[in-house]
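Each chain is listed here by its residues.
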Amino acid sequence: MEVRRDPRSFLFFIILLLIINSPEPQQQSFNTRSRYDELIQREWDQLDVLNRTRYGDFDVSRKKWLNVSGCRVEDGFAWDLLPTVRTKANAHGKQALGNTWRSVLDGTMNQHDLEEGKLPVYRNISGYVEGQWVRDPSSRVRHPQDMGNTTHLAKDPFTNTPMEFDRNLTGAGGPLRVHFTQLDGKMRTDLNKTIGEVSAKVVVGDDQSFGGNWWEFYVHGLHFKDSGHAVLTTTSERFAGIFALPHFQLSHELHDSARDFLNWTIHQTIDRQIHRPFPIWNPWTSSAAGNNEDMVGVAHHCEFVLYFQQPPSGRTADIDWLEYEMRFPTGAPLGPRSRLSMSMVGFSPDCGYVIESKGPPDYAPSEAQHLVGAKTEEYNDRARHSITAFAIAFAFQLSFLIKQMKETATPSMRSRVSFYTIAMMALGDGFTFLVLIFMYLFLGTAQLAMYSVAFVALFSVLVHLRFLMDIWSVQAAERARQERQNAPAAPTPPPAPAAPTAPTAPSDLPLAADAFGTPATVARPPPGAPPGLPLPVTAPRPPPPPPPRPPTPILIAPDQDDPLSDDDDTPLLPTRNPATTPAPAQAETPTRAEFGSLYSRFCLLLIITFFVSIQLATARTLYRSVYFSVLSFIYLSFWVPQIYRNVMRNCGRALRWDYIIGTSITRLLPIAYFYMKADNVLFAGTDWQTFAVLAGWVWIQIVALISQNVLGPRFFIKEGWAPPAYDYHPILREDEEGALLPLNATSSSDDAIESEGSSKSAGEAKDKGKKVFDCSICAMDIEVPVVPAGADESTVAGIAGTSMVLQRRLYMVTPCRHIFHANCLEGWMRYRLICPNCREALPPL
């Protein structure tokens, strides 16, 4: 027999070769190091420009430019739009703070009394806000060739196609989400704790782009804690935004505060950049891929300058105490607290468009409320609660699975369960395990909780795989029988011509007589002897063959399983012939080898699905939504293989009802969370219509399983669509030609006959057209409808009608013409597929 090799060893060999042949980390080349030194020197020069300039030195209307990247006249940026952006940012600040905004601009806010001058705004804005953005009419449409000192080519040198900038918002609106990160400390905050260094991840989309394109980038800047005002910008080789950030401020006082703070923080950042063992080309990078984007060249994207303003909270609670309690909880009741909200004005100096958040006063409060979200502490609590709910759903799912495995502990029950139904559930749990393992990289919180639930998901995968191994082993005989039936018949070879032999006399013909007068016979040559003369009379003859041994019966207790599979067609009393009967170990080896190959395919399919999902998670909105909707639809189709198996084998009641309903609910709840909850932890968009389709699809499968249990596995299948199968619920006929009338009819007692006043035949019931039979399992009578002899089914009232469908489900007739209660025989067939009366093999139920 051919031995199949495990493909996992080959995969391990490939990974080992890749590790051995992978290049070791090398030192930087001379050209790379010299370029890095030039980058550091340029940063020192730009920091010097920041220290030597004052407010008003960067004014395009007066032809005043800065000697930093992106702020020179030859760079060709649209800085003439900066006054318009400042005006809009001032309007947002005045709307949020009212008359207090004037004291923020002139720097007199901090001179008031501390208790009276503090606004109810969050001093630490770590968290997220989301909403919609709209395009301002003052925006322009610019192309790469419009920029004077751009390093971008107007066309791709390889394809000769026009280059497209990332983050180029050409539509009228779209979604916007900003994740703020503010680290308080000596190196991130000034001495008075009024200014903090803040960075933010911006996720912006364009609804009018093809497929709903979206981009993700980082901005860095300052947050004025007392007023809730923040200014952030991108920084790249083309645009030194962090060095020109003070000149983007809205007043002279804000410029001086930002310049003094950035002079210190930028100096510390460059110093750390120099002493790092591995170079960081841009500590303020805007690329989401990493901080070494400038190592290979200049990225093709639009730059940003963003203004944020936080409105004061309507709560009268102490904001400082509230933030401290949220960050370091002591158990004090927090009560209702306001959500983190922002208004935004954005400006792209190179691409020339202006955007702002959608909200009052341009839009009604019922339509939009600018950007609203939650602080990081609230988001972490919500993430932990979601993971806990997911763990509870997993616990219920495992409990239902364990009950089902106990229910299907016999080969007869395992033969009914679809292998692919359990395999699809195992794939879903494996995918969940991989997602939970890597989700910490996206959430950044609840790592221990996610790893704990991932362990539960892995345990669920192992339990499902054990269940799959049991099912595959039991159904191996059925697959082998189907392969034999589907295999083409081998052609019969023509008979070989008989070889000519010398004529010999028959052994029973007397040819001579011995000394005692007894006729002698010629001995027949033994088989395989060369042709020639017959052996002499005195030659020894071979002993006669021994008589055949009778077959040894195999005695099995009634409550035990057969040594052979219940689905096999072999006789119940096989003969023990060592030449033809394989050993059990030889029969088990191919089954385990086949399951091992299936296990490898299972792991390969799971890994491919996971990596494809990661790639499409960053695709355009339309592609991403279509992919995950299709993936969810395929995953929630796990009952379809079971319905198909019920039809093909004409069997039902393979699974418990609590397992079907409980598993459907627990596997549908996580999908409902992402499709229906607006502020879910993954920020997935809600789609009620798609979830209604998914929930309806699961409900249709459950209804189909219930209908197969009540009305029959093939109630919706036309004749000829499925292979023929035995019907345990036939319409009984009284004539002998039907050969369907059972043998175990009961006899009415004489007392019952005399009390009724008329004689009745054996097995005749009180109602006309019915007979009484005996169930040998429960020793009770069965009254079933019977078609009289010579009558047609259509002429007998109620026999072929829909009202008799449920009555026919109350009894079952075996191929050996024995009748039983349906519940009795189904309970028996859960353990043995033989007739309780005559021990004849029964077809699967």
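Predicted model, so just to flag it, every value in this text is computed and none were measured.

A. Expanded view of the overall build of the chain. Helix and strand content of the chain: 21 helices and 16 strands. Sequence separation of 24 or more characterises 70% of the internal contacts of the chain that already satisfy a separation of 6 or more. Split by element, the accessible area of the chain, about 46,900 Å² in all, is 60% carbon and sulfur.

B. How the structure looks around the state of the cysteines. Under the defined criterion, the tally for this structure stands at 1 disulfide. For Cys302, the disulfide goes to Cys351, at an S-S distance of 1.7 Å. On the sign convention where negative is left-handed, the bridge of Cys302 and Cys351, at about -85 degrees about the S-S bond, is left-handed. Highlighted residues: Cys302 in the loop between helix 6 (252-274) and strand 6 (305-309) and Cys351 in the loop between strand 7 (340-348) and strand 8 (353-357), separated in sequence by 49 residues. No difference in accessibility class separates Cys302 from Cys351, as the two residues are buried.

C. Layout of helix 7 (residues 319-327). Taken together, the buried positions of helix 7 are occupied by Ile319, Leu322, Glu323, Glu325 and Met326. Here the buried residues of helix 7 occupy an arc of 165 degrees about the axis, which is enough to place them on one side.

D. Inspection of unusual backbone geometry at higher detail. Between Pro360 and Pro361 the backbone carries a cis peptide bond, its omega angle lying at 0 degrees. Even without being a glycine, Arg167 presents a positive backbone phi close to 65 degrees. Of note, Arg167 is situated in the loop between strand 1 (127-135) and strand 2 (173-182). Although it is not a glycine, His370 sits at a positive phi angle of roughly 60 degrees.

E. Structural view of the sheet that holds strand 12 (residues 732-733). Reading across the sheet, the 3 strands line up as 12-14-13 and stay open at both edges, with mixed pairing between neighbours. Only two strands of the sheet have a single neighbouring strand rather than two, namely strand 12 and strand 13 (770-775). By the bridge criterion, 6 bridges tie strand 13 to strand 14 (residues 780-787) in an arrangement that is antiparallel. Note on strand 14: the bridge partner recorded for Cys775 is Met780.

F. Representation of a nonpolar patch on the surface. There is a patch of nonpolar side chains on the surface, built from Phe210, Leu622, Tyr623, Val626, Val630, Phe633 and Ile634 and spanning about 670 Å² of accessible area. With respect to the secondary-structure elements, Leu622 resides in helix 15 (residues 621-635). Relative accessible area serves as the criterion here: at 45%, Leu622 is assigned to the partly exposed category.

G. Local environment of the packing of helix 8 (residues 376-407) against helix 10 (residues 419-438). Between helix 8 and helix 10, whose axes approach to 14 Å, the crossing angle comes to 155 degrees. The orientation of helix 8 with respect to helix 10, classified from their angle, is roughly antiparallel. Handedness of the helix 8/helix 10 crossing: left-handed. Listed contacts from helix 10 to Phe390, Phe394 and Gln397 of helix 8 are Asp429, Thr432 and Leu436. A breakdown of the residues in the contact of helix 8 with helix 10 according to their chemical character gives 3 nonpolar, 2 polar and 1 charged.

Definitions and cut-offs
- Residues numbered from 1 in each chain as written.
- Predicted model: local features only at pLDDT ≥ 70, side-chain atom pairs only at ≥ 80, totals over all residues.
- Heavy atoms only, no water.
- Helix = DSSP H or I, 4+ residues; strand = E, 2+ residues; numbered from the N terminus.
- Contact = heavy atoms within 4.5 Å.
- Areas by Shrake-Rupley, 256 points an atom, 1.4 Å probe, with all protein chains shown as cover.
- Disulfide = S-S within 2.5 Å.
- Buried < 20%, exposed > 50% of the residue type's maximum accessible area, 1.4 Å probe, protein only.
- Arc of directions from axis to C-beta.
- Pairing = 2+ DSSP bridges.
- Patch = residues over 30% accessible without salt bridge, like charges linked within 9 Å, V, L, I, M, F, W, Y side chains within 5 Å.
- Salt bridge = Lys/Arg side-chain N within 4 Å of Asp/Glu carboxyl O.
- Axes fitted to C-alpha atoms, helices over the stretch in contact; angles between N-to-C directions.
- Parallel < 35°, antiparallel > 145°, perpendicular 65-115°, else oblique.
- Left-handed = near helix turned anticlockwise from the far one by under 90°.
- Nonpolar A, V, L, I, M, F, W, Y, C, P; charged D, E, K, R; others polar.

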